[in-house]
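# Observations on the three-dimensional arrangement
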Amino acid sequence: MLSFMKIIGRFITKQIENGSVRNKILRIGSKEFPANFGPLRGASVNAQICGPCGDTMDFWLYILGETIKKVQYTTDGCTHSIVCGSITAALAEGATLTDVFSMTP
């Protein structure tokens, strides 16, 4: 899990440097109304991860060319998982595949 958090931290830092975080953070939502929650119809890919606590998260991405256009997620986890899913989805939208795959822990 630490590696995942390092990757997210680096990604957030890069987004802040590019000036693209402010509007995305405003779209995250709350525990009751999480942004980007729910399966994505027409997704290009999807994946499931299971955290060390047993929570599962499913992510769906719609990719056009080299750009991640839309991200949705679901989780059976706690409030922290819901918030992490919203933040991850918001930050990944608009990123290129090169940016995402070049990240290391």
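Just so we're clear, the structure is a prediction, and the values are computed from it rather than from any experiment.

### What about the pairing of strand 3 (residues 67–75)?
Pairing between strand 2 (residues 56–64) and strand 3: 8 bridges, direction antiparallel. Residue pairing across strands places D58 opposite T74, the latter belonging to strand 3. Between strand 2 and strand 3, which follow one another and run antiparallel, lie 2 residues, and G65 among them has a positive phi close to 65 degrees.

### Some remarks on the nonpolar core
By size, the foremost hydrophobic cluster in this structure holds 10 residues: M57, F59, L61, I68, V71, Y73, I82, A89, A92 and L97. Mapped by element, the contributors of at least two residues to this core are strand 2, strand 3 and helix 3 (79–92).

### Focus on helix 3
The end-to-end C-alpha separation of helix 3 is 20 Å, in line with the 20 Å expected for 14 residues at 1.5 Å each. Among the residues of helix 3, those classed as buried are S81, I82, G85, S86, T88, A89, A90, L91 and A92. Where helix 3 ends, the next residue or the one after it, G94, has phi of about 90 degrees, a positive value.

Parameters at a glance
- Residues numbered from 1 in each chain as written.
- Predicted model: local features only at pLDDT ≥ 70, side-chain atom pairs only at ≥ 80, totals over all residues.
- Heavy atoms only, no water.
- Pairing = 2+ DSSP bridges.
- Helix = DSSP H or I, 4+ residues; strand = E, 2+ residues; numbered from the N terminus.
- Core = buried A, V, L, I, M, F, W, Y, C linked by side-chain atoms within 4.5 Å.
- Buried < 20%, exposed > 50% of the residue type's maximum accessible area, 1.4 Å probe, protein only.
- Expected span 1.5 Å × (residues − 1).

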